[in-house]
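# Topology and contacts: notes
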Amino acid sequence: IANLASGNRPVIGMDAIGNTVTAADVNSGNIELVRRNSAGATIGSPIIYNVGGPFSNLVPNVAVESDGDFSLLYRYQNSGGARFLMLQRFNSAGSTVGTPIQINADTSQNIQRYQVAVDPAGNHLVVWVHVTGFVPSFLYGQRVDSSGTK
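This report concerns the structure included in the present document. Everything quoted here is computed from the prediction, not taken from an experiment. (Residues numbered from 1 in each chain as written. Predicted model: local features only at pLDDT ≥ 70, side-chain atom pairs only at ≥ 80, totals over all residues. Heavy atoms only, no water.)

## A few points about the pairing of strand β10 (residues 124–132)
- Pairing of strand β9 (residues 111–118) with β10 involves 6 bridges; the strand directions are antiparallel. When the sheet's bridge partners are listed, Val116 is paired in β10 with Val126. (Pairing = 2+ DSSP bridges. Helix = DSSP H or I, 4+ residues; strand = E, 2+ residues; numbered from the N terminus.)

This is the structure in C-alpha cells:
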C-alpha cells in the first residue's frame, strides 16, 4: 500500500480509468494534492496549494474529470469568523485554472458535510449542509459550469 497523502483529513477522487488525486490539509493554509495514474505511480510533483493565509481547518474535497482535470473544494474560516466554501479548478497538468470561486453567499453559516461532483463536460455541483447547533438544518447546492461561472 502506497502512502497516498500526508497531513490531516485526506480525501481521494478518481476518474473513470483509475487515475486519482488525493488532497490533505498539510499545515496552516496549505493543501497538498498528489496525482497518481491507475498503476499508482505519482504523476509529477505534489502540488502545495496555498489558500492565501494562515487558515486552519481547511477540510479538502476533490473531484476528477475523465480528461484528468480536477477540482479542489475546501472550507476555511478566517480570523474574523467568516466561513468560506471555495472551489479551485486545475488542468490535467496540475496548474490552476482561473481563480478560486466562492461557493457560499452566507459566510455566517456553519458549513459541514460538503461534496463536489463533476460531469464529463466539466460542470460541477457542490452540496453542503448548514448545521445549527448539532442538528443539520438546511441542505444547499450550487452549480458551477465548465467555464467557472455560478
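What follows continues from the structure just given.
## So, the side chain of Arg35
- Within the element layout of this structure, Arg35 appears in strand β3 (residues 30–36).
- With no salt bridge to any partner, buried Arg35 finds its closest opposite charge in Asp69, at an N-O distance of 8.6 Å.
- In this structure the side chain of Arg35 is engaged in a polar contact, spanning 3.4 Å, whose partner is the backbone oxygen of Ala93.
- With residues up to four places along the chain from it excluded, the contact list for Arg35 reads Thr20, Val21, Ala41, Thr42, Ile43, Gly44, Ile47, Phe70, Ser92, Ala93 and Gly94. (Buried < 20%, exposed > 50% of the residue type's maximum accessible area, 1.4 Å probe, protein only. Lys, Arg positive; Asp, Glu negative; His and termini not counted. Salt bridge = Lys/Arg side-chain N within 4 Å of Asp/Glu carboxyl O. Polar contact = N/O pair within 3.5 Å; in protein donor to acceptor, adjacent residues only side chain to side chain. Contact = heavy atoms within 4.5 Å.)

## What to know about the packing of aromatic side chains
- Scanning the model with the defined rule gives 7 aromatic pairs in all.
- Ring centres of Tyr74 and Tyr76 lie 6.1 Å apart, and the angle between their planes is 20°; on these two criteria the pair is classed as stacked.
- Given the relative accessible area of 13%, Tyr76 is considered buried.
- With centroids separated by 5.6 Å and ring planes inclined at 10°, the aromatic side chains of Trp128 and Tyr140 adopt a geometry described as stacked. One end of the pair, Trp128, is in strand β10; the other, Tyr140, is in strand β11 (residues 135–144), with 12 residues separating them in the sequence. (Phe/Tyr/Trp six-rings, centres within 6.5 Å; stacked < 30°, edge-to-face > 60°.)

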